[in-house]
Amino acid sequence: MHSLTEYDKIVIKIGSSSLTHDSGLIDLWKMEQLVKQIANLYNKGLSVIVVSSGAIAAGMGKMKFESRPKEIPEKQAAAAVGQCTLMHMYEKFFSEYGITVAQILLTKEDMDNPSRRQHSINALSTLIKHGIVPIVNENDVVAIDEIKVGDNDTLSAEVCFMMDYEMLIILSDIDGVYDKDPRSNPDAVMIPLIESLEAMDRISAGGSGSEVGTGGMQTKLGAARLLSRAHKDLLIVNSRTENILNLVFTGKARGTLFKFSNRRNSS
Ligand code: GLU
């Protein structure tokens, strides 16, 4: 159990599966619950940046695609439609709690090019200074595969790094990092705390090697590697757990904490 009372500036990454039904349409219940919890953290005085996926999934639902499109223009079209739906719903739910949100769509170039990076930092900082909650996604309409960040685990770690925030919370569809793939190993044990890259590498190399590579764990470990360089922390928890963000901040959440900072916290 981790009690994260020492953190003031956090990035929260919400994955597509935490927001949409299998049909691709927005799961209003899930989204509303997450927004309510984020609004509560904001009311507590935390500074929060949201990184949200779900544009392509929501666009697929609206455009009635049977499966995830393979052609780039189709993906771009789905993202263009879905991003509107996503922001429309975020705005609706956050405004119920008196919070204004802003859409920030970034590309890899915005983070790699020093001048564009600085402009992105300026825009985000100004929004935050005005009490607005930024909702970030990759600009999938213009960032085609070859020049993409590609996944929002990496994007959210980059945002945490770029904005000098203290911690990234990845809301995932599994409880945390296991020593073996829990889907094929009933005896798999979740690892609550990882404090060094060496410990992390032992997990990546453990079991049959690729096991933690399934279910998107590799990109999460990549995000941890990136954050370790800046001595920032990462927490992976399950978005399906009721009131998960509340539990995180009251010390009752199960999850894996990658602790690379010297911040004090009880675990
Ligand atoms: N940017 C993509 C979207 O909004 C998601 C990328 C990811 O899920 O990691 O659909």
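Caption draft 1: Structural detail: the site of the ligand. Contacts to the ligand come from S53, G54, A55, I56, N137, D140, D151 and N152. At 2.8 Å, a side-chain N or O of N137 approaches an oxygen atom of the ligand. Between N152 and the ligand, the recorded distance is 2.7 Å, taken from a backbone N or O atom to an oxygen atom. When the ligand is considered free in solution it has 300 Å² of accessible area, and contact with the protein chains removes 86% of it.

Caption draft 2: Inspection of the pattern of salt bridges at higher detail. The final tally for this structure, using the stated rule, is 10 salt bridges. For the salt bridge of D112 with K108, the shortest nitrogen-to-oxygen distance reads 2.8 Å. With D112 and K108 both in helix α4 (residues 108-112) and 4 residues apart, this pair spans about one turn of that helix. Where D140 meets K148, a salt bridge forms, and the shortest distance between an N and an O atom there is 2.4 Å. Look at D140 and you get buried, because its relative accessible area is 14%. On the basis of relative accessibility, which here comes to 18%, the residue K148 falls in the buried class. Through salt bridges with shared partners, a single ionic network connects K13, D153 and K220.

Caption draft 3: Inspection of the environment of R240 at higher detail. Relative to the helices and strands, R240 is located in the loop between β7 (233-238) and α9 (244-249). Separated by 42 residues in the primary sequence, R240 and E198 place their C-alpha atoms 30 Å from one another. Once residues lying within four places of it in the same chain are set aside, the contact partners of R240 are S172 and D173.

Caption draft 4: Molecular detail of the nonpolar core. Ranked by internal contacts, the top residues of the largest apolar core, which has 39 residues, are I10, Y90 and I169. Discounting chain neighbours no more than four positions away, the residues touching I10 are L41, L46, S47, V48, I49, Y165, M167, I169 and F249. Membership of the second largest hydrophobic core comes to 37 residues, among which are A199, M200, A223 and L226.

Caption draft 5: Structural view of the environment of M217. Structurally, M217 is set in helix α8 (residues 217-229). Separated by 200 residues in the primary sequence, M217 and S17 have C-alpha atoms spaced 14 Å apart.

Caption draft 6: Structural context of helix α6 (residues 152-162). The element α6 is largely enclosed, with a buried count of 8 among its 11 residues. Buried residues of α6: N152, D153, L155, S156, A157, V159, C160 and M162, and no others. With a side-chain oxygen positioned 3.1 Å from the backbone nitrogen of D153, the residue opening α6 is D151. Trailing α6 by a residue or two, D164 shows a phi angle of about 55°, which is positive.

Caption draft 7: Highlighting the sheet that holds β7. Ordered by their spatial adjacency, 8 strands build an open sheet running β3-β4-β2-β1-β5-β7-β8-β6, and the pairing between neighbours is mixed. Of all strands in the sheet, those with a lone pairing partner are β3 (101-106) and β6 (193-194), marking the two edges. Pairing of β6 with strand β8 (residues 256-258) involves 2 bridges; the strand directions are parallel. Bridging from a neighbouring strand, I194 pairs with F258 of β8. Of the strands in this sheet, β1 (9-14), β2 (47-52), β3 and β4 (133-138) are in contact with helix α3 (residues 72-96), which crosses β3 at around 150°.

Caption draft 8: Structural detail: the packing of aromatic side chains. For the coordinates displayed, the defined rule picks out 2 aromatic pairs. A centroid spacing of 6.3 Å and a plane angle of 35° characterise the contact between F258 and F260, whose relative ring orientation is tilted. For F258, a relative accessible area of 0% puts it in the buried group.

Quick notes on the rules
- Residues numbered from 1 in each chain as written.
- Predicted model: local features only at pLDDT ≥ 70, side-chain atom pairs only at ≥ 80, totals over all residues.
- Heavy atoms only, no water.
- Near = heavy atom within 4 Å.
- Polar contact = N/O pair within 3.5 Å; in protein donor to acceptor, adjacent residues only side chain to side chain.
- Areas by Shrake-Rupley, 256 points an atom, 1.4 Å probe, with all protein chains shown as cover.
- Salt bridge = Lys/Arg side-chain N within 4 Å of Asp/Glu carboxyl O.
- Helix = DSSP H or I, 4+ residues; strand = E, 2+ residues; numbered from the N terminus.
- Buried < 20%, exposed > 50% of the residue type's maximum accessible area, 1.4 Å probe, protein only.
- Contact = heavy atoms within 4.5 Å.
- Core = buried A, V, L, I, M, F, W, Y, C linked by side-chain atoms within 4.5 Å.
- Pairing = 2+ DSSP bridges.
- Axes fitted to C-alpha atoms, helices over the stretch in contact; angles between N-to-C directions.
- Phe/Tyr/Trp six-rings, centres within 6.5 Å; stacked < 30°, edge-to-face > 60°.

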